[in-house]
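Per-entry structural report
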Protein chains: 4
Amino acid sequence: MTNQLLKGKKGIIFGALDEKSIAWKIAERVVEEGAQIVLTNAPVALRFGKIQKLAEICKTEVIPADATNMEDLENLITKSQELLGGKIDFVLHSIGMSLNVRKKRDYTDLNYDWMHKTLDISAISFHRVMQVLWKQDAMTEWGSILALTYIAAQRTFPDYNEMAESKSLLESFARSFGYHFGERNKVRVNTISQSPTITTAGSGVKGFDEFFDYADKMSPMGNAPGEACADYCVTLFSDLTRYVTMQNLFHDGGFSMMGMNPKLIES
Amino acid sequence: MTNQLLKGKKGIIFGALDEKSIAWKIAERVVEEGAQIVLTNAPVALRFGKIQKLAEICKTEVIPADATNMEDLENLITKSQELLGGKIDFVLHSIGMSLNVRKKRDYTDLNYDWMHKTLDISAISFHRVMQVLWKQDAMTEWGSILALTYIAAQRTFPDYNEMAESKSLLESFARSFGYHFGERNKVRVNTISQSPTITTAGSGVKGFDEFFDYADKMSPMGNAPGEACADYCVTLFSDLTRYVTMQNLFHDGGFSMMGMNPKLIES
Amino acid sequence: MTNQLLKGKKGIIFGALDEKSIAWKIAERVVEEGAQIVLTNAPVALRFGKIQKLAEICKTEVIPADATNMEDLENLITKSQELLGGKIDFVLHSIGMSLNVRKKRDYTDLNYDWMHKTLDISAISFHRVMQVLWKQDAMTEWGSILALTYIAAQRTFPDYNEMAESKSLLESFARSFGYHFGERNKVRVNTISQSPTITTAGSGVKGFDEFFDYADKMSPMGNAPGEACADYCVTLFSDLTRYVTMQNLFHDGGFSMMGMNPKLIES
Amino acid sequence: MTNQLLKGKKGIIFGALDEKSIAWKIAERVVEEGAQIVLTNAPVALRFGKIQKLAEICKTEVIPADATNMEDLENLITKSQELLGGKIDFVLHSIGMSLNVRKKRDYTDLNYDWMHKTLDISAISFHRVMQVLWKQDAMTEWGSILALTYIAAQRTFPDYNEMAESKSLLESFARSFGYHFGERNKVRVNTISQSPTITTAGSGVKGFDEFFDYADKMSPMGNAPGEACADYCVTLFSDLTRYVTMQNLFHDGGFSMMGMNPKLIES
């Protein structure tokens with residue numbers, strides 16, 4: 001299923017950690033489709049992850065960057081353009097981490113310093129990346145910027161805790177910056193709201209397995225796998241979706257539009 | 001920009017009238033991408049339109065069918081499978097017509113017999129087509145069904161009149177039938193909510209030109225052209241979007257997510 | 001809890017059948033709050049129901065009207081104004097019936113004549129009522145029109161069948177007519193999306209009891225009872241909500257905003 | 001129009017600055033309706049505002065509290081219960097301020113330290129207040145918590161800048177905490193999305209006057225005034241709306257549901 005849909009396109013992929021990461025699968029797929037990419041992740045993630053292996057598969061380099069640090073991001077965007085030989089056609093933001101979830105704090109007992117860090121890492125980082133791209137005028141006309149999000153931005157999944165707020169914030173940045181990038185550069189900005197996916201990061205969330213099964217039963221097609229998400233990203237980075245912008249796009253086998261699936265109460 | 005994304009796929013395209021029709025552009029594009037199609041429209045539309053010319057371009061035939069007539073639709077689906085040599089991979093529904101609009105009736109002075117006809121032609125026809133596909137078990141696994149809609153289904157555009165209701169109804173059928181087709185056949189059903197587009201049908205709506213300009217200014221990227229809509233349909237018929245279902249997808253240059261564009265009041 | 005919030009207001013209540021009907025509870029509550037009302041229902045419902053008993057409680061009369069018959073509706077609105085001694089301040093539409101559900105037809109095997117009747121009774125009747133009110137200029141300035149709806153208009157509940165489409169259509173009429181009535185008369189038009197409620201009509205829906213329990217567990221506050229819905233209607237008919245219009249208002253204990261309630265998978 | 005709808009209820013009102021503040025009008029109205037309240041605002045706002053005058057009108061006291069400071073909030077909730085003689089029935093959060101807007105920074109050139117402060121003041125403060133109420137178990141059963149928000153949380157109004165993100169975040173906190181408070185205390189949490197309103201705070205936003213007129217023309221009823229918002233809050237604090245929770249409620253004369261108002265392109 002490779003059609004060279006992204007032939008000649010240059011991109012930056014944030015957030016690949018290991019083979020289970022959706023960003024990892026996306027990196028592999030966009031390269032299969034003819035894109036050249038740069039990989040990036042936080043220095044600490046680089047130590048624990050296997051991203052160098054991915055860089056080999058994708059015949060590229062890893063440029064470390066803490067997505068909450070403006071100097072790191074400026075360096076990343078500058079170096080990426082040097083390495084890729086021109087402006088950027090697409091960017092994937094797949095970054096999320098909650099300190100309060102990690103420390104098992106209840107939603108009614110949150111630490112606000114940690115919340116600020118969570119929001120910075122998981123959402124404000126998206127504005128930071130776009131602001132650097134904007135100031136360096138680094139996106140090509142008709143380029144495409146995507147971030148991965150989750151339906152907890154619209155509806156309450158109690159165990160998702162403060163990540164719900166992170167995703168609401170992230171999606172708002174997509175809309176707001178989408179206006180500016182659309183007007184100036186015809187660059188589109190969207191979020192993909194993906195089914196729960198078994199990843200190393202995702203498994204930190206309390207009750208994840210039960211919830212994965214619940215979502216799988218609720219969705220007429222079952223949960224969307226990470227590989228299918230990578231396919232979907234290919235279409236959104238391609239030239240076939242140029243006028244889709246400022247949208248939150250559900251990639252979830254129908255979960256978001258279900259009120260109730262009889263399978264759930266048949267047992 | 002042809003990648004043979006739809007190579008080997010078989011489809012049915014409803015609603016091409018002339019070169020301005022979005023369905024016409026979609027038919028041309030899917031054939032460019034390697035699909036084989038059957039064209040269909042109402043007998044009366046066939047007389048006035050130029051669909052035979054399109055059939056030549058697409059190297060196919062036209063099977064006339066009144067989309068409110070079950071026998072016609074049964075015949076269409078049976079014949080299409082014979083002609084294409086197998087089950088159907090994708091279907092496009094692009095049908096809409098309002099009798100009350102045509103007869104210039106105000107929204108506060110509607111004729112209800114006409115309203116029933118409008119709803120039947122513009123929305124219930126979509127259920128009819130899907131019900132025939134369902135009963136004949138005519139869709140391949142992982143097939144894709146699409147209908148074109150408009151944002152008047154969510155927000156009020158007074159001149160759009162009872163077509164607002166038609167589109168709300170149409171989108172509801174997509175969700176409901178999407179559940180059934182997803183569960184049984186992994187077939188997805190979605191609607192594309194397209195920018196106002198200059199077509200022979202669209203120009204019947206009162207104040208269309210002023211409105212087209214308004215939408216164009218409101219949208220950060222401007223109104224999405226019909227050609228871009230055809231590109232987008234290609235992705236939604238392809239295997240790259242298998243888990244997107246029961247969604248209403250805005251293809252509108254950002255219009256739907258704008259509250260106000262400063263361009264509109266700068267003058 | 002009577003504050004005479006509706007003192008001096010005149011209203012019409014459609015759809016009370018028996019004590020379990022939400023419309024029945026609303027009729028009682030608005031009269032407690034000082035309103036004068038007229039009751040109406042279809043001639044056939046009058047024979048089976050106990051609406052005369054309600055008329056006694058409410059010290060009023062019943063004017064029979066088939067909500068799909070324009071002459072009946074014109075007579076109703078004329079007579080109501082005579083009986084109440086002036087224009088109408090508020091109207092409640094609580095009408096819904098699906099022939100295909102009654103005849104136990106699957107959603108993939110619907111009879112389209114019945115669907116047209118279902119839509120006419122359950123949704124188009126709302127436009128008919130408003131069109132008659134409009135033409136007779138029968139609403140007072142700052143009046144309030146309400147219809148009862150259900151979240152199946154937004155999300156799929158398979159057993160709700162074609163009533164999903166009826167409710168989508170109903171809500172669309174509220175938005176569209178809300179524009180016209182707002183501009184001309186400052187009359188507001190809204191829908192209340194109520195929790196599943198045990199009524200004589202509701203119990204016809206397949207799997208209703210299991211679903212009622214599911215919704216009750218999903219909602220942080222549990223399902224909203226009919227009595228609470230009547231309270232909510234009082235606020236929406238009162239002068240305290242004059243600028244709320246064209247909205248679909250969820251009265252559901254939080255159901256609509258829940259993605260998943262851990263109670264559902266604990267058990 | 002006083003019905004003593006809030007007789008015996010005890011509340012806390014955040015954010016009244018001067019007579020133009022919506023919170024000011026709400027304070028006056030809830031007292032008219034029989035409630036006892038405590039007023040609070042940031043120490044700095046107390047110096048510039050006229051809140052002592054409001055305290056006299058409302059026969060109450062002002063307890064200063066910086067809504068980003070947990071000790072201040074703990075003191076406020078404790079003292080309020082002492083002063084009012086019991087648990088709290090309702091809370092109004094009407095706090096918003098953007099440092100980047102104040103300093104006239106473009107959305108594509110934001111200072112992130114300021115953004116963090118903006119989010120803390122305008123949105124996280126709402127979680128802080130609710131977390132203190134939760135830990136002190138300070139809300140009565142069936143209590144009501146409200147925050148004022150704006151439609152920029154859903155759609156892009158470029159001049160609103162990072163306040164769009166603040167409001168998205170605020171509304172997400174309402175949903176998430178609404179789940180917890182609903183389950184434990186049957187307390188409801190909602191946001192009111194109010195029309196643009198001429199206040200001392202609002203007038204800081206660039207192009208506010210033009211925008212106010214635009215929204216006024218777009219809305220079938222015109223912009224909702226602050227006084228009407230106060231009326232609406234009364235209903236949401238009363239016992240008549242007990243099952244409305246986790247909702248964002250538009251109080252905007254229909255603006256949110258309009259796609260286009262012909263009045264805008266006529267002249």
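Worth saying up front: this structure is predicted, and the values here are computed from it rather than measured.

Here we take up the pairing of strand β4 (residues 139-149) of chain B. Residues and elements named next belong to chain B. Across the 11 residues of β4, 10 count as buried, placing the element largely inside the fold. Taken together, the 5 bridges between strand β3 (residues 88-93) and β4 define a ladder with parallel strand orientation. When the bridges of β4 are listed, Leu92 appears paired with Leu146. Relative to strand β5 (residues 188-194), β4 runs parallel, the two being bridged by 6 bridges. Looking at β5, one finds that Ser144 is bridged to Arg188. As a crossover connection, the stretch from β4 through helix α7 (residues 163-185) into β5 is right-handed.

The subject of this paragraph is the interface of chain A and chain C. If you look at the interface, chain A gives 18 residues, while chain C gives 18 residues. The contact between chain A and chain C buries some 1500 Å² in all, and 68% of this surface belongs to carbon and sulfur atoms. Summed over the three residues of chain A that lose the most area to chain C, namely Arg155(A), Tyr214(A) and Met260(A), the buried surface amounts to 34% of that side. There are 0 salt bridges connecting chain A and chain C. Inspection of the region where chain A meets chain C yields 6 residue pairs in polar contact (both at pLDDT 80 or more). Contributions of two or more residues to the side of chain A that touches chain C are made by α8 (208-218) and α10 (262-266) of chain A. Among the elements that make up the side of chain A that touches chain C, the one with the highest residue count is α8(A) (4 residues). Grouping the amino acids of the side of chain A that touches chain C by side-chain chemistry returns 12 nonpolar, 4 polar and 2 charged.

All names here are of chain C. Tallied over the full model, the rule gives 0 disulfides over all chains. For the unlinked cysteine Cys233, the closest cysteine sulfur is that of Cys229, found at 4.4 Å. The buried category is assigned to Cys233, whose relative accessible area is 0%.

The next subject is the packing of helix α6 (residues 112-135) of chain B against helix α6 (residues 112-135) of chain C. At a minimum axis separation of 11 Å, α6(B) and α6(C) run at an interaxial angle of 140°. On the basis of the axis angle, α6(B) is oblique to α6(C). The two elements α6(B) and α6(C) cross, and the hand of that crossing is right-handed. Within the contact between the two elements, α6(B) uses Tyr112(B), Met115(B), His116(B), Leu119(B), Asp120(B), Ile124(B), His127(B), Arg128(B) and Gln131(B) and α6(C) uses Tyr112(C), Met115(C), His116(C), Leu119(C), Asp120(C), Ile124(C), His127(C), Arg128(C) and Gln131(C).

Turning to helix α8 (residues 208-218) of chain B, a few remarks are in order. Residues of α8(B) that are buried include every one of Phe208(B), Phe211(B), Phe212(B), Tyr214(B), Ala215(B) and Met218(B), and no others. The buried side chains of α8(B) occupy one side of the element, clustering within an arc of 165° when seen end-on. Buried-residue contacts for α8(B) involve α10 (262-266) of chain B together with α8 (208-218) and α10 (262-265) of chain D.

All names here are of chain C. Within the secondary structure layout, Glu56 lies in helix α3 (residues 51-57). Using a relative accessible area of 63% as the deciding quantity, one classes Glu56 as exposed. The sequence separation of Glu56 and Thr241 amounts to 185 residues, and the corresponding C-alpha distance is 30 Å.

With that out of the way, let us pick up the pattern of salt bridges. For the coordinates displayed, the defined rule picks out 56 salt bridges over all chains. Taking the shortest distance from any N to any O, the salt bridge between Lys9(B) and Asp239(B) comes out at 3.1 Å. One end of the pair, Lys9(B), is in the segment before β1 (10-14); the other, Asp239(B), is in the loop between α9 (226-237) and β6 (248-251), and 230 residues separate them in sequence. Relative accessible area serves as the criterion here: at 12%, Lys9(B) is assigned to the buried category. Salt bridges sharing common partners tie together Arg29(A), Glu32(A), Glu33(A) and Asp231(A).

Looking now at the pairing of strand β5 (residues 188-194) of chain C. Residues and elements named next belong to chain C. Among the 7 residues that make up β5, 7 are buried, leaving the element largely enclosed by the rest of the structure. Residues Arg188, Asn190, Ile192 and Gln194 line one face of β5 and the alternating positions Val189, Thr191 and Ser193 line the opposite face, and both faces are buried. Here β5 pairs with strand β6 (residues 248-251) via 4 bridges, running parallel. Bridge pairing in β6 links Ser193 to Phe250.

Attention shifts here to the relation of the copies chain B and chain A. The two copies are related by a screw operation: chain B maps onto chain A through 180° of rotation and 0.0 Å of translation along the axis, at an RMSD of 0.0 Å. In the structure described here, the two chain copies are related by an operation that fits a two-fold rotation axis. Taking the C-alpha atom as reference, chain B places Asn3(B) closest to the rotation axis, 2.8 Å from it. Looking at chain B, 100% of its interface residues are interface residues in chain A too, so the copies touch through the same face.

The next subject is helix α6 (residues 112-135) of chain D. Residues and elements named next belong to chain D. The principal kink in α6, of about 50°, is found at Ile124. Of the residues that open α6, the one with a side-chain oxygen 2.9 Å from the backbone nitrogen of Asp113 is Asn111. Immediately beyond the C-terminal end of α6, within one or two residues, lies Asp137, with a positive phi of roughly 45°.

Scoring rules and cut-offs
- Residues numbered from 1 in each chain as written.
- Chains lettered and ligands numbered in written order.
- Predicted model: local features only at pLDDT ≥ 70, side-chain atom pairs only at ≥ 80, totals over all residues.
- Heavy atoms only, no water.
- Buried < 20%, exposed > 50% of the residue type's maximum accessible area, 1.4 Å probe, protein only.
- Helix = DSSP H or I, 4+ residues; strand = E, 2+ residues; numbered from the N terminus.
- Pairing = 2+ DSSP bridges.
- Right-handed = clockwise from strand over helix to strand, strands pointing away.
- Contact = heavy atoms within 4.5 Å.
- Buried area = accessible area lost by both parts, 1.4 Å probe.
- Salt bridge = Lys/Arg side-chain N within 4 Å of Asp/Glu carboxyl O.
- Polar contact = N/O pair within 3.5 Å; in protein donor to acceptor, adjacent residues only side chain to side chain.
- Nonpolar A, V, L, I, M, F, W, Y, C, P; charged D, E, K, R; others polar.
- Disulfide = S-S within 2.5 Å.
- Axes fitted to C-alpha atoms, helices over the stretch in contact; angles between N-to-C directions.
- Parallel < 35°, antiparallel > 145°, perpendicular 65-115°, else oblique.
- Left-handed = near helix turned anticlockwise from the far one by under 90°.
- Arc of directions from axis to C-beta.
- Least-squares fit on C-alpha atoms with pLDDT ≥ 70 in both.
- Bend = angle between axes of the 7 residues up to and from the residue.

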